[in-house]
Amino acid sequence: MAQQVGEASRADARYDPHEIERRWIARWEESGLYRTDLSAVDRKYYNLMEFPYPSAEGLHVGHAYTYSGADTNGRYKRMQGYNVFQPMGFDAFGIHSENYALKVGINPMTLTQRTVTRYRNEQMGRLGCMWDWSHAVNTSQPDYYRWTQWLFLQMYKAGLAVRKSAPVNWCPKDLTVLANEQVIDGRCERCDSEVVQREMTQWFFRITEYAEHLLSGLDGLDWPEMSKRLQRNWIGKSEGSQLTFDLADGSDRISVFTTRPDTVYGATYVVLAPEHPLVEKVTVASQSVQVEEYRKVTSLKKEIERLSLDKEKTGAFTGGYAVNPATGERVPIWIADYVLLTYGTGAIMAVPGHDERDHEFARKFGLPITQVIEPPAEFAVDIRDEAYTGAGTMVTSGQFDGMPSEEAKRAITEKLQAEGKGEQKVTYRLRDWLISRQRYWGPPIPIVYCPEHGEVPVPEEQLPVLLPEVENFRPTGTGKSPLASVESFYKTECPVCGGPAVRETDVSDTFLDSSWYYLRYPSTEYDDRPFDAERTRNWLPVDSYMGGKEHIVLHHLYSRFVTKVLHDLGHLAFEEPFTRLRLHGMVTKDGAKMSKSRGNVVNPDEFRQQYGADAFRTYLLFMGPYEDDNEFSVSAVQGVARFLGRVYSQVDTREEYGSGPGADMRTLHRTITRVTSELDALRYHTSIAALMEMSNWISSARAQMTQAQLQSALEHLVLMLAPIAPYSAEELWHRLGREYSVHLQAWPVADEAMLAEAMATVVVQVNGRVRERLTLPAGTSEEDVTALARESAKVRPYLDGVQVRKAVWVPDKLLNLVVG
RNA sequence: GCCGAAGUGGUGGAAUGGCAGACACGAUCGCCUCAAAAGCGAUUGGGGGUGACUCCGUGUGGGUUCGAAUCCCACCUUCGGCACCA
């Protein structure tokens, strides 16, 4: 090879990304480069990322962002010698896909298949991600949802799937009920409609049974602190006491939950939630009209109105009385909507002297206010004007007078416990997971109702209960799924007696489909079990999961719950599905989340087509810290496109090396160290910056480099680029004359000896202000640096006539002379 | 109200106790071109000075330290979560 390849080749250096992508996609496919050998279990790395749901909009920039980062991580781990399994699939059941089908008027069975194909071939297949499609899942296919139904049956057998009547959230637009987690500020998570409360009989998963496990399991996880805090918040553990107030006539008792048992002597009335089952019993005839009226008004309120804080307290007196278990006094029983049926026991003891809400209510309705806690002098308040909610000394509390209130919490509970009227109690904010949906596009809940045998689970060997293809899949709004009018579906036989019976016609929540999909991926070839025991033992739990913050109290919480249950039932050896979780930020445009209504949606395909997949990926990762929200800038994409173009040009002109004795190659080794630690921390933007600096360094140092040095520098640059820009790296590796494939190469390791700097820049400060920079051989002593500093014309004026009191010395970095 | 994160050039961001603004975008000027695009090169926090230089500067005010964007306290602003949760 001679050196005559000159400037002409630079002009040709522009590359055609599409031609290159096409070529390498074919080669990768044909050589099975991304098919993981799941039987090789040494150094396994399960690299999971959230799978998309097929919808009208197609793949958006957020997906491309998630996948670029997660794929870069997978490729990097692979080059480090891990056997990386990186599957992908489709969350194809659910309201999104169904609403899309309703909009275009095509049956979701047909439409979803079409959409999935488009996603996979036209969009996802071109991003350059190393997905192992041979293990793809599609949650809407019978071979998948058969096992979603199986999961339901395991829950059922364990007593964790129950049918019960409860106040539930109903979305008037999507015409279905929703889980608590799917209601955001009183609105439907999907369509933003205001949710209303309805009393309905529905299937629930008893996630509340696992509240404590879900809470304590968080401690050992390598998850962002923020996500743990959100889950803890959501679970909402609250420690206190449950106390009993007998009805005055002794006919029944009211349980109340309180975190302030120390204030029980000040409980001057009791409040029941309007829907509380004892309301009818305690209401006297003369009050029944008012009570009924109040209950009616409450039931018509929307969730959002009940949640708003600044409205005035309302309520009604039942005419009934209970007995304060501490004082023995008769106290009136009221109902009010500031007490929620679904939290605690649905009833409270009201202590207006020491609770702001009770205080407000008592003032409005003229109920007595008693002080039972004496605040420390500096917090003294007039209890008639304002509740005192802090700690203090017990007063007007019988034998407990004089005791610090914190101590009295336990003492009073113990005393009442001895009398059978109290106990320590932990309450959680978490509610049971409502999984019924009155929609069509989901897995039918595998239950049969028999007049003789009642509720009967479908035997496992009869699964799947197939979702029938129907003409009219429109949601009905009647509180029943469209399947309720499909006779051929719901008419069946009782599995126990063979007599005529009907099927459950609701389908299950989409979040149930996705709560276990990571268990399915490694075992897709087994059609007789949801997940193979050995495969699961070898490949799970997931080593790295990349996802969005919006799923913390939805998908991530549900997945943890399902995993814990399957563990307790003996199906899994581990209790937590995702060892390491990382949350990517959101891609914004004009400072806001992209949405059709704002009209600020960036189409990923356009950018990919214009600049190529590599430039698109590299730009997404270069925008800013991966875990932060980042603003998409149309013009900034060109910056990385230029960078990649320069690397092509550098490779194509590699015959133009220097003739001198060789260059200082330390920059290469420093870059390896830098990029390695940045990629470990998912700091893609700074790794790319380091590669840009290295490329700039090659440009300026190549005139000094030998041929071998230039070749080595370029090869290392391409190797480190491989996880980020996979097509270009493959092409450049090929142009550098190296053998297929760059993605099978080992990640470079820096030569320790080359990391030590020959020269160091020592900053000389006088009183903390920089006065001089000295470039000296590394390891120059403090004495020598001090002598040089004193001689410096820039430093000397500041030392004239003053005493150096102190010198701070940081070797090879800094000398600070403190004078005066 | 409670809990948490963040505030740095015209813009995205870098630096997590030691040279503030790496790397980019944008802008200005230049080279190349008949011209443009692309590409390449230079300059680019603010004030002052012909200049070597110098002063100011990381939301605001205080503190710790030889030294603070970084640590501590208070406040302001923005964002996120929880909230009539007893």
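1. Observations concerning the overall build of chain A
Okay, so step 1: Along the backbone of chain A there are 27 helices and 34 strands.
Okay, so step 2: With the principal axes as the frame, chain A shows a C-alpha extent of 105 × 85 × 50 Å.
Okay, so step 3: Counting every position in chain A, which comprises 820 residues, the buried fraction comes to 54%.
Okay, so step 4: Nonlocal contacts in chain A, meaning residues at least 24 apart in sequence, comprise 72% of its contacts between residues at least 6 apart.
Okay, so step 5: For chain A, the exposed surface amounts to about 35,400 Å²; the carbon and sulfur share of it is 48%.

2. A closer look at helix 20 (residues 613-622)
Okay, so step 1: Most of helix 20 is tucked away: nine of the ten residues are buried.
Okay, so step 2: Those residues of helix 20 not exposed but buried are Ala613, Asp614, Ala615, Phe616, Arg617, Thr618, Tyr619, Leu620 and Leu621.

3. Comments concerning the protein's contact with RNA strand B
Okay, so step 1: In the vicinity of RNA strand B lie 55 residues, with Arg229, Lys313, Arg357, Arg429 and Asn816 positioned nearest.
Okay, so step 2: Take the atoms of RNA strand B that sit within 4 Å of the protein: sugar and phosphate atoms are 64% of them.
Okay, so step 3: At 2.9 Å, a side-chain N or O of Arg683 approaches a phosphate oxygen of RNA strand B.
Okay, so step 4: A distance of 3.5 Å separates a phosphate oxygen of RNA strand B from a polar side-chain atom of Lys794.
Okay, so step 5: Broken down by element, the residue count for the surface near RNA strand B peaks at six residues, all from helix 23 (residues 684-701).
Okay, so step 6: Classifying every residue of the surface near RNA strand B gives 23 nonpolar, 13 polar and 19 charged.

4. A short note on the nonpolar core
Okay, so step 1: Ranked by size, the top nonpolar core spans 172 residues in total, and within it Phe152, Trp433, Phe561 and Phe632 carry the most contacts.
Okay, so step 2: Every residue in contact with Trp433, bar those within four places of it in the chain, is listed here: Ala179, Trp203, Phe204, Phe205, Ile207, Asp509, Phe511, Leu512, Ser515, Tyr558, Phe561 and Val562.
Okay, so step 3: Membership of the second largest hydrophobic core comes to 46 residues, among which are Phe317, Ile335, Phe400 and Ile412.

5. Section: the layout of surface pockets
Okay, so step 1: As a volume, the second largest pocket reaches approximately 450 Å³.
Okay, so step 2: Ile25, Glu29, Tyr34, Trp131 and Trp133 are the residues nearest the centre of the second largest pocket, which is lined by 19 residues in total.
Okay, so step 3: Those elements that place two or more of their residues in the lining of the second largest pocket are helix 2 (17-31) and helix 5 (108-123).
Okay, so step 4: Take the lining of the second largest pocket: its biggest share by element is three residues, from helix 2.
Okay, so step 5: Grouping the constituent residues of the lining of the second largest pocket by class yields nine nonpolar, five polar and five charged.

6. Here's the deal with empty space enclosed by the protein
Okay, so step 1: Applying the stated criterion across every chain yields a total of one cavity of 30 Å³ or more.
Okay, so step 2: Taken as a whole, the largest cavity holds about 120 Å³ of empty space.
Okay, so step 3: Of all elements in the fold, only helix 4 (95-104), strand 25 (507-508) and helix 15 (510-513) reach the threshold of two or more residues within the lining of the largest cavity.
Okay, so step 4: Counting residues per element, the lining of the largest cavity draws most heavily on helix 15, which supplies three residues.
Okay, so step 5: The class makeup of the residues in the lining of the largest cavity is five nonpolar, four polar and six charged.

7. Describing the packing of helix 21 (residues 637-652) against helix 25 (residues 726-735)
Okay, so step 1: With their axes 10 Å apart at the nearest point, helix 21 and helix 25 run at an angle of 10° to one another. Between helix 21 and helix 25, the angle falls in the class roughly parallel. Within the contact between the two elements, helix 21 uses Val647, Tyr648, Val651 and Asp652 and helix 25 uses Ser728, Glu731, Leu732 and Arg735.
Okay, so step 2: Tallied by class, residues from the contact of helix 21 with helix 25 come to four nonpolar, one polar and three charged.

8. Points about the environment of Met155
Okay, so step 1: Mapped onto the fold, Met155 is located in helix 6 (residues 142-157).
Okay, so step 2: On the accessibility criterion, Met155 (0% relative accessible area) is buried.
Okay, so step 3: Met155 sits 51 residues away from Arg206 along the chain, and the two C-alpha atoms are 8.9 Å apart.
Okay, so step 4: Here Met155 is in contact with Leu160, Ala161, Phe205, Phe561, Val562 and Val565, once residues within four sequence places are set aside.

9. Describing the sheet that holds strand 26 (residues 544-548)
Okay, so step 1: Strand order in the open sheet formed by four strands is 2-1-26-27, and the pairing between neighbours is parallel. Two strands close off the open sheet at either side, each with one partner strand: strand 2 (83-85) and strand 27 (581-584). This sheet shows a mean twist of 20° between the axes of neighbouring strands, independent of strand direction.
Okay, so step 2: Of the strand pairs in this sheet, strand 26 and strand 27 are connected by four bridges, and their pairing is parallel. Note on strand 27: the bridge partner recorded for Tyr545 is Leu581.

10. Some words on the pairing of strand 34 (residues 814-819)
Okay, so step 1: Of all six residues in strand 34, five are buried; the element is thus mostly enclosed.
Okay, so step 2: Inspection of the sheet shows strand 31 (residues 759-766) paired to strand 34 by four bridges, in the parallel sense. Looking at the pairing, Gln765 lines up with Asn816 of strand 34.
Okay, so step 3: Taking the residues between adjacent antiparallel strands as the criterion, strand 33 (residues 804-810) and strand 34 are bridged by three residues, where Asp812 takes a positive phi near 60°.

Conventions used here
Residues numbered from 1 in each chain as written. Chains lettered and ligands numbered in written order. Predicted model: local features only at pLDDT ≥ 70, side-chain atom pairs only at ≥ 80, totals over all residues. Heavy atoms only, no water. Helix = DSSP H or I, 4+ residues; strand = E, 2+ residues; numbered from the N terminus. Buried < 20%, exposed > 50% of the residue type's maximum accessible area, 1.4 Å probe, protein only. Contact = heavy atoms within 4.5 Å. Areas by Shrake-Rupley, 256 points an atom, 1.4 Å probe, with all protein chains shown as cover. Near = heavy atom within 4 Å. Polar contact = N/O pair within 3.5 Å; in protein donor to acceptor, adjacent residues only side chain to side chain. Nonpolar A, V, L, I, M, F, W, Y, C, P; charged D, E, K, R; others polar. Core = buried A, V, L, I, M, F, W, Y, C linked by side-chain atoms within 4.5 Å. 1 Å grid on protein atoms, 1.4 Å probe; cavity = no way out; pocket = protein on both sides within 12 Å on 5 of 7 lines; lining within 4 Å. Points joined across faces, edges and corners; volume = space filled by probe spheres on them. Axes fitted to C-alpha atoms, helices over the stretch in contact; angles between N-to-C directions. Parallel < 35°, antiparallel > 145°, perpendicular 65-115°, else oblique. Pairing = 2+ DSSP bridges.

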